[in-house]
Amino acid sequence: MDNCLFCKIIKGEITSTKVYEDSEILAFRDINPQAPTHILVIPKQHIGSVSEINENNSAIVSHIFVKIAEIAAKENLTNGYRVVSNVGEDGGQTVHHLHFHILGGEKLSEKMS
Ligand code: 5GP
Ligand code: ZN
């Protein structure tokens, strides 16, 4: 996707602070952190959002969640953390490439919305 910000980060056209990378996914620090630890985990394949996950592409989600657990452990989020994926306008999604936020490093708000 030519005009997708996260595809540009994957291609290295926009720099990011990488936390983890393999052939399928990339994790990097959010440019505008909402918590002391704020990491985004994305598939290298362009998928628009959770609403585009289907039986043909869902294996990547399982891989992402295995790595989320590993990244959280490596970041010492031993007291817990939150995983969030915003979808569409009502969900507050601003970048239309599937991503999971890992938020932690402090007691997060009890409010979910
Ligand atoms: P969304 O609002 O779509 O759920 O999340 C998009 C996230 O991408 C936001 O938290 C925002 O701060 C982050 N973001 C936007 N542009 C950039 C960028 O150029 N680099 C990085 N590292 N994060 C970005
Ligand atoms: Zn993309």
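Cut-offs applied
- Residues numbered from 1 in each chain as written.
- Chains lettered and ligands numbered in written order.
- Predicted model: local features only at pLDDT ≥ 70, side-chain atom pairs only at ≥ 80, totals over all residues.
- Heavy atoms only, no water.
- Helix = DSSP H or I, 4+ residues; strand = E, 2+ residues; numbered from the N terminus.
- Buried < 20%, exposed > 50% of the residue type's maximum accessible area, 1.4 Å probe, protein only.
- Contact = heavy atoms within 4.5 Å.
- Areas by Shrake-Rupley, 256 points an atom, 1.4 Å probe, with all protein chains shown as cover.
- Donors = N, O, S within 2.8 Å, 3.2 Å for Na, K, Ca; no water.
- Tetrahedral: all angles 85-135°; square planar, octahedral: opposite > 155°, others 65-115°.
- Near = heavy atom within 4 Å.
- Polar contact = N/O pair within 3.5 Å; in protein donor to acceptor, adjacent residues only side chain to side chain.
- Nonpolar A, V, L, I, M, F, W, Y, C, P; charged D, E, K, R; others polar.
- Pairing = 2+ DSSP bridges.
- Axes fitted to C-alpha atoms, helices over the stretch in contact; angles between N-to-C directions.

Enquirer: How should the overall build of the protein chain be read in this particular structure?
Expert: Along the backbone of the protein chain there are three helices and five strands. When the helices and strands of the protein chain are read in sequence order from the N terminus, they spell out α-β-β-β-α-β-α-β. Judged by the C-alpha coordinates and their principal axes, the protein chain covers about 35 × 30 × 30 Å. Residue burial in the protein chain is summarised as follows: out of 113 residues, 37% are buried. For the protein chain, contacts bridging at least 24 residues in sequence account for 55% of all contacts bridging at least 6. Carbon and sulfur atoms make up 48% of the accessible area of the protein chain, which amounts to about 7,000 Å² in all.

Enquirer: Sorry if this is basic, but what is going on with the side chain of His97 here?
Expert: Here His97 shows up in the loop between α3 (88-91) and β5 (100-104). Using a relative accessible area of 0% as the deciding quantity, one classes His97 as buried. Ignoring anything within four residues of it in the chain, the contact list for His97 reads Cys4, Phe6, Cys7, Ile10, Ile42, Pro43, Lys44, Gln45, His46, Ile47 and Gly48.

Enquirer: Would you explain the coordination of the zinc ion (ligand 2) in this entry?
Expert: Binding of the zinc ion (ligand 2) to the protein goes through Cys4 (SG), Cys7 (SG), His46 (ND1) and His97 (ND1), at separations of 2.0 to 2.3 Å. Taken together, the four donor atoms coordinating the zinc ion (ligand 2) and their angles of 102 to 116 degrees define a geometry best described as tetrahedral. For His46, a relative accessible area of 23% translates into the label partly exposed.

Enquirer: What is the right way to look at the site of ligand 1 in this model?
Expert: Taken together, the neighbourhood of ligand 1 is formed by 16 residues, with Arg29, Asp30, Asn86, Thr94 and His101 sitting nearest. Within the backbone of Val95, one N or O atom sits 3.0 Å away from an oxygen atom of ligand 1. His101 has a polar side-chain atom sitting 2.8 Å from an oxygen atom of ligand 1. The fraction of the free accessible surface of ligand 1 (520 Å²) that becomes covered by protein chains is 83%. Mapped by element, the contributors of at least two residues to the shell around ligand 1 are α1 (5-11) and β2 (25-29). Examining the composition of the shell around ligand 1, we find that three residues originate from one element, α1, more than from any other. Its residues assigned to classes, the shell around ligand 1 comprises seven nonpolar, seven polar and two charged.

Enquirer: Any chance you could explain the sheet that holds β5 here in plain terms?
Expert: Sheet strands line up and pair through hydrogen bonds in the backbone, either parallel or antiparallel. Reading across from one edge, β1-β2-β3-β5-β4 is the order of the five strands in this open sheet, with antiparallel pairing throughout. Two strands lie at the open edges of the sheet, namely β1 (18-21) and β4 (81-84), each paired on one side alone. With strand direction ignored, the average angle separating the axes of adjacent strands in the sheet is 15 degrees. When β2 meets strand β3 (residues 37-43), the two strands line up antiparallel, connected through five bridges. Across the sheet, residue Leu26 finds its bridge partner in β3, namely Ile42.

Enquirer: When you look at the side chain of His101 in this model, what are you seeing that I'm missing?
Expert: Relative to the assigned elements, His101 resides in strand β5. The buried category is assigned to His101, whose relative accessible area is 12%. In this structure the side chain of His101 is engaged in a polar contact, spanning 2.8 Å, whose partner is the side chain of His38. With near-sequence residues (within four places) excluded, His101 lies in contact with Asp30, His38, Ile39, Leu40, Arg82, Val83, Val84 and Asn86.

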